[in-house]
Amino acid sequence: MNEVATNLYVGTVEDAGEAQLLDEHSVSLVVSLTFSSPEQGFPSSVDVVEHPMMDGPRCDRDSFESAVSRTLNSLKSGEAVLVHCSRGASRSPSVAAVSLALRSGVDINEAFQQVQDGREEVDPHEDVVRLAVEVYRDLRN
């Protein structure tokens, strides 16, 4: 789990189940982008919103946009948020980048770079990046 911006974390499904890790970073919301839960379940100390989506060309726009909106609203209210997918490499960094760009007013490419600077494992699928750019442009206007 890596902090890619103030109160914005990106991680794996395993990270989402680690109560001590989430507590250490005062994470109060987990935005889950997978179809499965952590093996040990989600800690009771956090709220969990599930927006399951596939990676790649079958990534669902409605789920992606809903995940961005929830992440953005929580960040604006001062909450610490973990956005996770299976490996923390494609879907979750993309949702985080759009949320970061909309919150801070930076360009989407700059937001992706900031997320990548904060998390070595970032390697989003080109179709997910394309969707992220579309969602960013639509929500920005």
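In this text, all values refer to a predicted model and were calculated from it rather than measured experimentally.

Cut-offs and rules
Residues numbered from 1 in each chain as written. Predicted model: local features only at pLDDT ≥ 70, side-chain atom pairs only at ≥ 80, totals over all residues. Heavy atoms only, no water. Pairing = 2+ DSSP bridges. Helix = DSSP H or I, 4+ residues; strand = E, 2+ residues; numbered from the N terminus. Axes fitted to C-alpha atoms, helices over the stretch in contact; angles between N-to-C directions. Expected span 1.5 Å × (residues − 1). Buried < 20%, exposed > 50% of the residue type's maximum accessible area, 1.4 Å probe, protein only. Contact = heavy atoms within 4.5 Å. Polar contact = N/O pair within 3.5 Å; in protein donor to acceptor, adjacent residues only side chain to side chain.

K.L.:
How should I be thinking about the sheet that holds strand β3 (residues 27-32) in this particular structure?
P.N.:
Strands belonging to one sheet form pairs held by backbone hydrogen bonds; the direction of such a pair is parallel or antiparallel. Across the sheet, five strands lie side by side as β1-β2-β5-β3-β4; this open sheet has mixed pairing. One side of each edge strand has no neighbouring strand; the edge strands of this open sheet are β1 (2-5) and β4 (47-50). Strand-to-strand twist across the sheet, computed as the mean angle between neighbouring axes with direction ignored, equals 25°. Sheet analysis places β3 next to strand β5 (residues 80-84), joined by five bridges and oriented parallel. Considered in β5, the bridge of Val27 is made with Ala80.

K.L.:
Just checking my understanding: could you explain helix α5 (residues 126-140) for this structure?
P.N.:
For an α-helix, the turn length of 3.6 residues means that residues three or four places apart are oriented alike. In a regular helix each residue adds 1.5 Å, so 15 residues correspond to 21 Å; α5 covers 21 Å between its end C-alpha atoms and thus fits that length. Considered for burial, the residues of α5 that qualify are Val128, Leu131, Ala132, Val133, Val135 and Tyr136. Looking at the buried positions of α5, the neighbouring elements they touch are α2 (61-76), α3 (91-104) and α4 (108-118).

K.L.:
I would appreciate a short explanation of the side chain of Thr12 in the present structure.
P.N.:
If you trace the backbone, Thr12 turns up in the loop between β2 (8-11) and α1 (19-24). Overall, the relative accessible area of 14% leaves Thr12 in the buried class. Polar side-chain contacts of Thr12 include one of 3.2 Å to the side chain of Glu14. Thr12 has contacts with His84, Cys85, Ser86, Arg87, Gly88 and Arg119, leaving out every residue within four places of it along the chain.

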